[in-house]
Amino acid sequence: MSRPIHGAASLLGAGLALSLALPAHAHGIAGDRIFPATLTIDDPAVGDELTAPTFVYQPQSGSGGGPETRSDNYGFEWDKTITEHFGFAINDGYSVIHQQGANSLYGWNDLVTTLKYEFYENDAHEILMSAGVQREWGGTGAVKVGSDTTGWTQPTYYAGKGFGDLPESLSLLRPFAVTGEVGYQFSDVPTANTPAGPSHNPNYWNLGASVQYSLQYLHAQVKDYDLPDVVNHMIPLVEFSYATPSTAGYGATTTGMIAPGVLYEGANYQIGVEALVPATKATGTRTGLLVQLHFYLDDIFPTTLGKPVI
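Small disclaimer: the values here were computed from a predicted structure and weren't measured.

What counts, and at which threshold
- Residues numbered from 1 in each chain as written.
- Predicted model: local features only at pLDDT ≥ 70, side-chain atom pairs only at ≥ 80, totals over all residues.
- Heavy atoms only, no water.
- Helix = DSSP H or I, 4+ residues; strand = E, 2+ residues; numbered from the N terminus.
- Buried < 20%, exposed > 50% of the residue type's maximum accessible area, 1.4 Å probe, protein only.
- Areas by Shrake-Rupley, 256 points an atom, 1.4 Å probe, with all protein chains shown as cover.
- Patch = residues over 30% accessible without salt bridge, like charges linked within 9 Å, V, L, I, M, F, W, Y side chains within 5 Å.
- Salt bridge = Lys/Arg side-chain N within 4 Å of Asp/Glu carboxyl O.
- Core = buried A, V, L, I, M, F, W, Y, C linked by side-chain atoms within 4.5 Å.
- Contact = heavy atoms within 4.5 Å.
- pLDDT = per-residue confidence, 0-100.
- Pairing = 2+ DSSP bridges.
- Phe/Tyr/Trp six-rings, centres within 6.5 Å; stacked < 30°, edge-to-face > 60°.
- Lys NZ or Arg CZ within 6 Å of the ring centre and 35° of its normal.

If you tally the helices and strands in the protein chain, you get three helices and 17 strands. Counting over 310 residues, the protein chain shows a buried share of 46%. With the model as given, the accessible surface of the protein chain reaches about 13,700 Å², and the carbon-plus-sulfur share is 63%.

Side chains of Leu170, Leu173, Phe176, Val178 and Val211 sit close together on the surface and give an oily, nonpolar patch of about 340 Å² of accessible area. Of the residues examined, Val178 reaches a relative accessible area of 31% and is grouped as partly exposed.

It is worth spelling out the nonpolar core at this point. Counting nine residues, the largest nonpolar core consists of Leu39, Val56, Ile235, Leu237, Met257, Ala259, Leu263, Leu276 and Leu290. The leading source of residues in this core is strand β15 (residues 255-265), at three residues. Here Ala259 is in contact with Thr40, Leu237, Val238, Glu239, Glu274, Ala275 and Leu276, once residues within four sequence places are set aside.

Let's shift gears to the pattern of salt bridges. Where charged atoms of side chains with opposite charge meet at close range, the side chains can pair. A full pass over the atoms with the stated rule returns seven salt bridges. Residue Asp42 pairs with Lys116 through a salt bridge whose shortest N-O separation is 3.2 Å. Of the two residues, Asp42 is situated in the loop between β2 (33-35) and β3 (49-60) and Lys116 in strand β7 (residues 111-122); the sequence distance between them amounts to 74 residues. Of the two residues examined, Asp42 and Lys116, each falls in the buried class. In this structure, the salt-bridge partner of Asp48 is Lys80, at a minimum N-O distance of 3.0 Å. Of this pair, Asp48 sits in the loop between β2 and β3 while Lys80 sits in strand β4 (residues 69-83), and the two are 32 residues apart along the sequence. Under the relative-accessibility criterion, Asp48 is labelled buried at 2%.

In this section: the confidence of the model for the protein chain. Residues of the protein chain with pLDDT of at least 70 account for 85%, and the chain-wide mean is 88. Scored below 50 in pLDDT, residues 1-26 shows 98 contacts in the model against residues more than four places distant or in partner chains.

What follows concerns the pairing of β15. Sheet analysis places strand β14 (residues 234-245) next to β15, joined by 10 bridges and oriented antiparallel. What sits directly across from Glu239, in β15, is Ala259. Pairing geometry for β15 and strand β16 (residues 269-278), over seven bridges, is antiparallel. Within β16, the position partnered with Met257 by the bridge is Pro278. Between β15 and β16, which follow one another and run antiparallel, lie three residues.

Before going further, it helps to examine the pairing of β7. In this structure, strand β5 (residues 86-99) lies alongside β7, joined through six bridges in antiparallel fashion. Each bridged residue has a counterpart across the sheet, and for Phe88 the counterpart in β7 is Leu115. Counted along the chain from β7 to the antiparallel partner strand β8 (residues 127-137), the turn is four residues long, and its residue Glu126 has a positive phi close to 55°.

The next point concerns unusual backbone geometry. Here Ala52 and Pro53 are connected by a cis peptide whose omega angle stands at 0°. Here Pro53 lies in strand β3. Residue Glu126 is not a glycine yet carries a positive backbone phi of 55°. Mapped onto the secondary structure, Glu126 falls in the loop between β7 and β8. Look at Glu126 and you get buried, because its relative accessible area is 3%. Look at Asp226: it is not a glycine, yet its phi comes out positive at around 55°. Counting through the fold element by element, Asp226 comes out in the loop between α1 (215-222) and α2 (229-232).

All right, on to α1 then. Within α1, six of the eight residues are buried, which leaves the element mostly enclosed by the surrounding structure. Along α1, the positions that sit buried rather than exposed are Leu215, Gln216, Tyr217, Leu218, His219 and Gln221. Packing partners of the buried residues in α1 comprise β2, β13 (204-213), α2, β14 and β15.

Scanning the model with the defined rule gives seven aromatic pairs in all. Relative to Phe88, the ring of Trp78 has its centre 5.5 Å away and its plane inclined at 90°; by these criteria the two rings are edge-to-face. On the criterion of sequence distance, the pair formed by Trp78 in strand β4 and Phe88 in strand β5 is long-range, its members being 10 residues apart. Given the relative accessible area of 35%, Trp78 is considered partly exposed. Ring centres 4.7 Å apart and planes at 75° place the aromatic pair Tyr184 and Phe186 in the edge-to-face group. Given the relative accessible area of 18%, Tyr184 is considered buried. Phe186 gets classed as partly exposed once you look at its relative accessible area, which sits at 40%. Over the aromatic face of Tyr217 sits the side chain of Arg33, whose NZ or CZ is 4.0 Å from the ring centroid.

Given below as structure tokens:
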């Protein structure tokens, strides 16, 4: 599970018989499709997972007379299943903002928690759907690194669709999959009085999508092209994340990121690397980098930490 990207600096069983050393159970599975843990948006599954760390590097050009900055964020997330299809997640991060000609700023981000329920699975058509509620606990992070003093709540819908049901004539398209999420973020304090006058905290529509091509799926379900083993474990993808205000607020504008990259799927872990390309002028002009190490606890500790509570 991933928190929404709102600005320039804030920023993966049964029926699957692979010859690769892949997870034998758990994760987001629909039919022969494994939906990986995407990096900037959330996947449509519930699982027992640990992300540690997620490193985000995001430079920003100076504007309005301000200095150039570089933000380094070190994030983590823990996902835990309560039942097979219901779980929660906790994530946070520590940011360091380097300012040209000034002291660096350090501090924790606001804590974010998520409740999520996977309510639909269609194996024949490789479809997963989930619904959840995210909560940012305002005031738990450092304001100097951009953390919010007020929190927000966001109901979110998640979905994933693989194209393994395409006909044999389109077999090379069958490894494709798409995932997406749609959330509406409610601010705790839409309007607050400050010494400078009223402060308006807008509500947001948060939209995300990914387009993936699983070389695992190509190898195991379409045809073995004798590619190197390391390539057969990869999933090239592009993710898109946008936040657009639905109500008026100071400085409210649409921000977004386009994140092309690649995932490497190990037996019980995943390594992901993506570029962070600003999608709007308000987001910035400099390209950043995201690197993530993700562990599947349901494979590492299947009888203890990796199993549902109930």
